[in-house]
Structure formats: structure tokens, C-alpha cells
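What follows is the residue order along each chain.
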Amino acid sequence: MDFKYDVIVIGAGHAGCEATAAAANLGSKTCLITMDMNKIGQMSCNPAVGGIAKGQIVREIDALGGYMGLVTDKTAIQFRMLNRSKGPAMWSPRAQCDRGKFIWAWREILENLPNLHIWQDTVEELLVENGEVTGVVTCWGVTFHAKCVVLTAGTFLNGLMHIGHKMLAGGRCAEPASYHLTESITRHGITAGRMKTGTPVRIDGKSVHFDLMDTQDGENDFHRFSFISEPRHLKQLQCWTCFTNEEVHDTLRKGLADSPLFNGQIQSIGPRYCPSIETKIVTFPDKPQHQLFLEPEGETTQELYLNGFSSSLPMDIQLEALKKIPCFKDLVVYRPGYAIEYDYFDPTQLKHTLESKMVKNLFFAGQVNGTTGYEEAGGQGIIAGINAHLNCHGGEPFVLGRDEAYIGVLIDDLVTKGVDEPYRMFTSRAEYRILLRQDDADMRLTERAYQLGLVKADRYEILQKKRAEIDRIVNFVSTFSVKADKINDALEKLGTAPLTHGCKLVDLISRPQITIENIAPYIPAFQAALDKIEDRKEEVIEAAEIRIKYKGYIDRERTIADKIHRLESIRIKGKFDYANLQSLSTEARQKLVKIDPETLAQASRIPGVSPSDINVLLVLLGR
């Protein structure tokens, strides 16, 4: 066999799958090296995709021509749109998936991609010559040569699992850790650290008293993760909720002395926004209960996931505590919860393309960059895969701005600010979230992916047709006049104030009580215009309505973003010797030396760099 490739991807998790697919689809000869071909796209924790801000990332991956959204829709067993009570900037899709079917859907995609070879093995050494990556060596002693390497090793690098005092090497339960690779990377000046994450107990559904729990049903409307998916075809299942109680908490406190998180056994930092149950009772000692979510792992399996009960306490403490909850009084489990520590690399040592500043053509994506979550990993993976291809074949670096995508916010935060705990995306991290809605990810990104060659003509035509239909509706309501005597009866029925004189239809739809669908039946010409929509009618109407109702907010945020772009266009990399700029604060000098920002806007986002420091740089640039 010829072991020479354009791009090698190490690891077949969510980052690795997207990186591999992007590079191969763009035309690079690509090799994906994974420990186990039967665990491609494995959902190490909850078999769920999406959630607050995470759902927006998946829509963006799909808009760029990635596969996470398609695989999720194909394997979803419950779908919900979260935050519907808030504005559309906060709406976030989430789906519970069939864990096994998710893996095989990904494997089917990857095995059938052109330009792609999958190799089952473990990478132990990175090959570097003259500061540039040249390939890898595996534990079987096979040498692979490549122009670019993308590292997406997840939690496997020197992975160590904890249950009480018991420690076991591994990257996931029943899967071996990866050794030597971290050391092979750090010898080139790349800084590594340790982080921790955890996972809950897995429960046998036959032992649960579901009648003592509240049910949580999904939704089955037109919403999907992918802009090109067909309707979901798997059976849609229920989830359930319950609460801990004081008896549970007392039992958990009894085991704290044996908790790896509190007895010094685990030194690394875990995710603040997904704490273990023992962390919750310590952090919130006066809270009498915590909500738990019981969620299915598949369409036919009895295995259930207890969301909210992540733990590394001793096994007997976990089970004893859970049995104090009425619905789990006869509990039987498949395996207890556990914590895992693993290596990650300082993301401030990366460019916005996710290429290392230290080693040319070496890219990092996913949890190795200090993030947590499948979605954050997938978003990084597709950007790393695109840029690895571009490094091989030429082209401008592919970077997304903070006003273009949550993926852009994610990567800019990592590269500019770094991490001191596992990074998780939230809508609050994005300053332009009204521009980064889940409904318009295709409008923002698909054209860029088409220009790149990652999205093909048929997908681009779907976008163009959708955009034309939305524009047609918006233009219709902006020019169509409504007379008071013709519409006031309808307005009264819809619970909104009558008109004293005529107005444009757009002014009515801007009212909170009015929607396109509830006003259209009273305006025959408008209903006729809507009936002309041939494809994805509900999706088009929703997108048009958001544009109409939130036009003022969208325009204002766009104006602010455009002003910030002026700073983004001022390139400062290589123009200053920060260490000797005494007019800057000491902290600013230290941070600017470490990050070496590309633009003035990136410099302004570095913690410790004040507005006065930015003004100093502007003055110096003027000179």
C-alpha cells in the first residue's frame, strides 16, 4: 500500500469525522486513522445533539456542507426546539439520537466518500522536519506520510478514568488510552495541560417506575437540523424527568471523602456548566433538589441515560443515592458514572485556521483544544479539514468572523482568550446573536461553502430558490396596502387593536399578536402569494417572518458589526515589538507577546488588553 496522503486525520470522533469529510470532499487524498472503526462518531456521553447555542453550530456545520445535521436527523428519536418562549436569536434545536445508528450512519458516509481511506490503528508519534509536519507513526510501526495532519484525539491522550478510589487507564469506558503522542507533540514547544469531564450512570429501563416520573414529549413539525434532510423516520420516543431529594443528597455527602473531585485524586478542572452531582450539592448546599432527565439511548434498547447525574463517586454510593428517588427504588444499572482526565493543548498557540503556530501544517480540533461537546468539536473539525486541504492545494485561509457564525465565535475565543476550563458554547458568548440565528445559517454560510467547492450546485440552487421566495414574501408585505374597514374584524378576532387608517401589511405582521399564517386567510392576495411557494413552505414563511418582525434589531446589530469590521481590517501581526512598548500596560505587553494577534480587533478581545492599550496601538499605527 502507498501510505502517502495530502491529509491525515487522527481520531474519528465528531471533529475527526467532519475534518475527514471536508478534506476528502474538497479533493485531498485523505486518511482517517482510528483505534476502532466500530466507534466512528461515537457519542461518548449523552447520545444527544444540539441544545442552547450548540444547535446553531450544527446548523452551521450543515450549511457549510458538513454531515452532523444529516446524521442527527437520520437517527433522531426525539426532537425539540428549545427556548421557543424567547426571541428567535435564542431558539436552539436539540435531538436525542439512537447511539448505535448514529455510528453506522457516519461510517456509511465516510466509507463511501471518494479520496478517503480509513485505517484502524493508534498513532504514537508525530513526524516533524524543519518545523513542518511530515507524517505519523502508529503503534503497529506503520509510517504514514502527509502534507498536513489534523489531531482530533478527544479524551484519549493519556486518558485516566476514575470511580471512587479506583483509577483505570482509558479514553472511554472499555476503550484504551493513547500514549506517547502528547510527548511527541510537546517536544516541539506546544504546551499541554490536563482537563476532566464526566458521564452519568446508564440505567436498565426495565427497572424504572416510569409512572412516578413526568414525561417530556418531543416535537414533530418541519424543523430539522439539516437544511436538506427529509422528515425523520425513526420512532419518536418520550423522555422523562424527576428530582433528587434531601435523602439523596445526604447519601452523596457520605461519599464525598472518597470522591476523586474532593480528595485530591483529580487535579484537573472540569466543565463549569456541566457539573457532577457531587459538585452540585457542594456548590449549592441549600438547594433541596436538582432536576434529572432520563433519556433513551436508542430506538429499541432498554439502556437509558440519566442526564444531570454525572458522577465519579464510588459505585455503591451512586447506586444507594439513586435508590432514594422513588422512580429508581428498584434500580438496575448497566454501568456507573465515571470521570475521565485527559491531555489538551493550549489553543492560543493556534491560528484562526486551527493550524499550529509552532509546527507548520499541523492542525488541532475538538477536545484537544480544551472544548467540551460534540457540536463544538464538529465545528472545529470542519474548519480544520477545510484549511488542511487549502494548505495542501493553495487558496486563501478559510476563517469565519464573529458576526458570521457561532463557529467563528468559538474559534476566536479559543485562539484569543485561551481556556482555563473545558469551553462550552452559549448564546451569551456571541455579541451578534440576532445575526447568528439557527434559521438563517444557510443564508450566512452556504454561499461561502459553494465558492470553496464544499457545497455543490444542487445544494446552492436550493439556497437560491429559498432566498428568492423569502425576498418575494418580504417585498409583498412591504408594498401591499391594507384598508382599515377590510381588516379590522380580523384584527379583533386575533386579539390586536383595530386600525384607524390604512397601512402596509408589513406593519401588521410586526405586531406580536399577528403572524404570517394567522393573517393570510383574511387577505386573499397574500394567501395566494404564499400558496405559490413550492418547496419548504413552512421554513420559508418562518424565515420571512423573523426578518420582518426583527428587522430593526437585525439592522442595528449589522451596523455595529460593520463598525467592528474596521478594526478587523487593521492588520498588526509582525508590526510591533510588544515586549518593548513601554506605553502599553505590563499585562497588555505580556498578553500581546503570547497571542501575537492578527488584527487590532482580535487584540481588543484579549483579556487584559484595555481600550487605552488599543488607542496606543492606533496612535503608533498612525505614525
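Residues numbered from 1 in each chain as written. Predicted model: local features only at pLDDT ≥ 70, side-chain atom pairs only at ≥ 80, totals over all residues. Heavy atoms only, no water.

Chemist: Run through the overall build of the protein, naming residues and quoting values.
Modeler: Along the protein, the regular secondary structure elements total 21 helices and 21 strands. For 623 residues, the compact-globule estimate of 2.2 N^0.38 gives 25 Å, and the C-alpha radius of gyration of the protein, at 26 Å, lies within 12% of that figure. Overall size of the protein, expressed as C-alpha extent along the three principal axes, is 80 × 75 × 55 Å. Burial analysis of the protein (623 residues in total) assigns 58% to the buried set. Contacts in the protein between residues far apart in sequence, at least 24 positions, make up 73% of those at least 6 positions apart. For the protein, the accessible surface area stands at approximately 25,400 Å², while carbon and sulfur atoms represent 52% of it. Of the side chains in the protein, 73 bear a positive and 80 a negative charge, and the two mean positions are spaced by 3 Å. (Helix = DSSP H or I, 4+ residues; strand = E, 2+ residues; numbered from the N terminus. Rg over C-alpha atoms; globule rule 2.2 N^0.38 Å. Buried < 20%, exposed > 50% of the residue type's maximum accessible area, 1.4 Å probe, protein only. Contact = heavy atoms within 4.5 Å. Areas by Shrake-Rupley, 256 points an atom, 1.4 Å probe, with all protein chains shown as cover. Lys, Arg positive; Asp, Glu negative; His and termini not counted. Charge placed at Lys NZ, Arg CZ, Asp CG, Glu CD.)

Chemist: Please give an account of the pattern of salt bridges that cites residues and values.
Modeler: Counted under the stated rule, the structure contains 49 salt bridges. Lys 466 is paired through a salt bridge with Glu 539; the nearest N and O atoms lie 2.7 Å apart. Of the two residues, Lys 466 is situated in helix 12 (residues 457–479) and Glu 539 in helix 17 (residues 537–549); the sequence distance between them amounts to 73 residues. Across this residue pair, the class does not change: Lys 466 and Glu 539 are buried. (Salt bridge = Lys/Arg side-chain N within 4 Å of Asp/Glu carboxyl O.)

Chemist: Requested: an account of the nonpolar core, with residues and values cited.
Modeler: As a rule of thumb, soluble globular proteins bury nonpolar side chains together. Ranked by size, the top nonpolar core spans 108 residues in total, and within it Ile 8, Leu 110 and Leu 151 carry the most contacts. Setting aside its immediate chain neighbours within four residues, Leu 110 contacts Cys 17, Thr 20, Ala 21, Leu 32, Ile 40, Leu 116 and Ile 118. With 28 residues, the next largest nonpolar core counts Val 477, Val 506, Ile 541 and Ile 548 among its residues. (Core = buried A, V, L, I, M, F, W, Y, C linked by side-chain atoms within 4.5 Å.)

Chemist: Go over the sheet that holds strand 4 (residues 76–82), please, and point to the residues and values.
Modeler: Paired through their backbone hydrogen bonds, the strands of a sheet run either parallel or antiparallel. Within the open sheet, the three strands sit side by side as 3-5-4. Their pairing is antiparallel. Sheet topology places strand 3 (48–50) and strand 4 at the edges, where each strand pairs with a single neighbour. Across the sheet, the mean angle separating the axes of adjacent strands is 15° when strand polarity is ignored. By the bridge criterion, six bridges tie strand 4 to strand 5 (residues 92–97) in an arrangement that is antiparallel. When the bridges of strand 5 are listed, Arg 80 appears paired with Arg 94. (Pairing = 2+ DSSP bridges. Axes fitted to C-alpha atoms, helices over the stretch in contact; angles between N-to-C directions.)

Chemist: Can you lay out helix 13 (residues 484–493) for me, pointing to particular residues and giving the numbers?
Modeler: Listed in full, the buried residues belonging to helix 13 are Ala 484, Ile 487, Asn 488, Ala 490 and Leu 491. Each element contacted by the buried residues of helix 13 is listed here: strand 20 (481–482), helix 14 (505–509) and helix 15 (516–519). Phi turns positive, to about 75°, at Gly 495, one or two residues after helix 13.

Chemist: Give a description of the side chain of Thr 371 that names residues and reports values.
Modeler: You can see Thr 371 is positioned in the loop between strand 19 (362–364) and helix 9 (374–393). Here the side chain of Thr 371 touches Gln 380 through a polar contact of 3.0 Å, side chain to side chain. (Polar contact = N/O pair within 3.5 Å; in protein donor to acceptor, adjacent residues only side chain to side chain.)

Chemist: I'd love a proper account of the environment of Phe 476, names of residues and values included.
Modeler: Relative to the assigned elements, Phe 476 resides in helix 12. Separated by 422 residues in the primary sequence, Phe 476 and Lys 54 place their C-alpha atoms 34 Å from one another. For Phe 476, the residues in contact, after removing those within four places along its chain, are Leu 505, Ala 525, Phe 526 and Ala 529.

Chemist: Account for the side chain of Asn 488, naming residues and giving values.
Modeler: Among the secondary structure elements, Asn 488 is positioned in helix 13. Classification of Asn 488 by relative accessible area gives buried; the value is 18%. A polar contact is formed between the side chain of Asn 488 and the backbone nitrogen of Leu 499, at a distance of 2.6 Å. Sequence-distant contacts of Asn 488, that is, excluding residues within four places in its chain, are made with Pro 498 and Leu 499.

Chemist: Go over the pairing of strand 1 (residues 4–10) with me, naming the residues and quoting the values.
Modeler: Counting buried positions along strand 1 yields six of seven residues, so the element is predominantly enclosed. Bridge count between strand 1 and strand 9 (residues 143–151): six bridges; the pairing is parallel. Looking at strand 9, one finds that Val 9 is bridged to Val 150. Pairing between strand 1 and strand 2 (residues 30–34): four bridges, direction parallel. Within the sheet, the bridge partner assigned to Val 7 lies in strand 2 and is Thr 30.

Chemist: With reference to specific residues and values, describe the packing of helix 2 (residues 54–63) against helix 11 (residues 441–452).
Modeler: One way to put it is that helix 2 packs onto helix 11 with a least axis distance of 8 Å and a crossing angle of 35°. In this structure, helix 2 meets helix 11 at a crossing whose hand is right-handed. Within the contact between the two elements, helix 2 uses Arg 59, Glu 60 and Ala 63 and helix 11 uses Ala 441, Asp 442, Arg 444, Leu 445, Thr 446 and Ala 449. Along the lines of polarity and charge, the residues of the contact of helix 2 with helix 11 split into four nonpolar, one polar and four charged. (Left-handed = near helix turned anticlockwise from the far one by under 90°. Nonpolar A, V, L, I, M, F, W, Y, C, P; charged D, E, K, R; others polar.)

Chemist: How would you sum up the environment of Glu 183? Please name residues and give values.
Modeler: Mapped onto the elements, Glu 183 comes out in helix 5 (residues 181–186). As a C-alpha pair, Glu 183 and Asp 6 span 177 residues in sequence and 24 Å in three-dimensional space.

Chemist: So what's going on with helix 2? Residues and values would help.
Modeler: Burial analysis of helix 2 places 10 of its 10 residues in the buried class, the great majority of the element. Along helix 2, the positions that sit buried rather than exposed are Lys 54, Gly 55, Gln 56, Ile 57, Val 58, Arg 59, Glu 60, Ile 61, Asp 62 and Ala 63. Phi turns positive, to about 95°, at Gly 65, one or two residues after helix 2.

Chemist: Now, about the packing of aromatic side chains: what can you tell me, with residues and values included?
Modeler: In total, this model carries 14 aromatic pairs according to the counting rule given. Ring plane angle 5° and centroid distance 3.9 Å describe the contact between Tyr 450 and Tyr 460, whose orientation is recorded as stacked. Here Tyr 460 lies in helix 12 and Tyr 450 lies in helix 11, a separation of 10 residues in the sequence. Take Tyr 460: its relative accessible area is 14%, and that puts it in the buried class. Aromatic ring contacts, followed pair by pair, group Phe 3, Tyr 5, Trp 119 and Phe 144 into a single cluster. The ring of Tyr 5 carries the charged tip of Lys 29 above its face, separated from the ring centre by 5.1 Å. (Phe/Tyr/Trp six-rings, centres within 6.5 Å; stacked < 30°, edge-to-face > 60°. Lys NZ or Arg CZ within 6 Å of the ring centre and 35° of its normal.)

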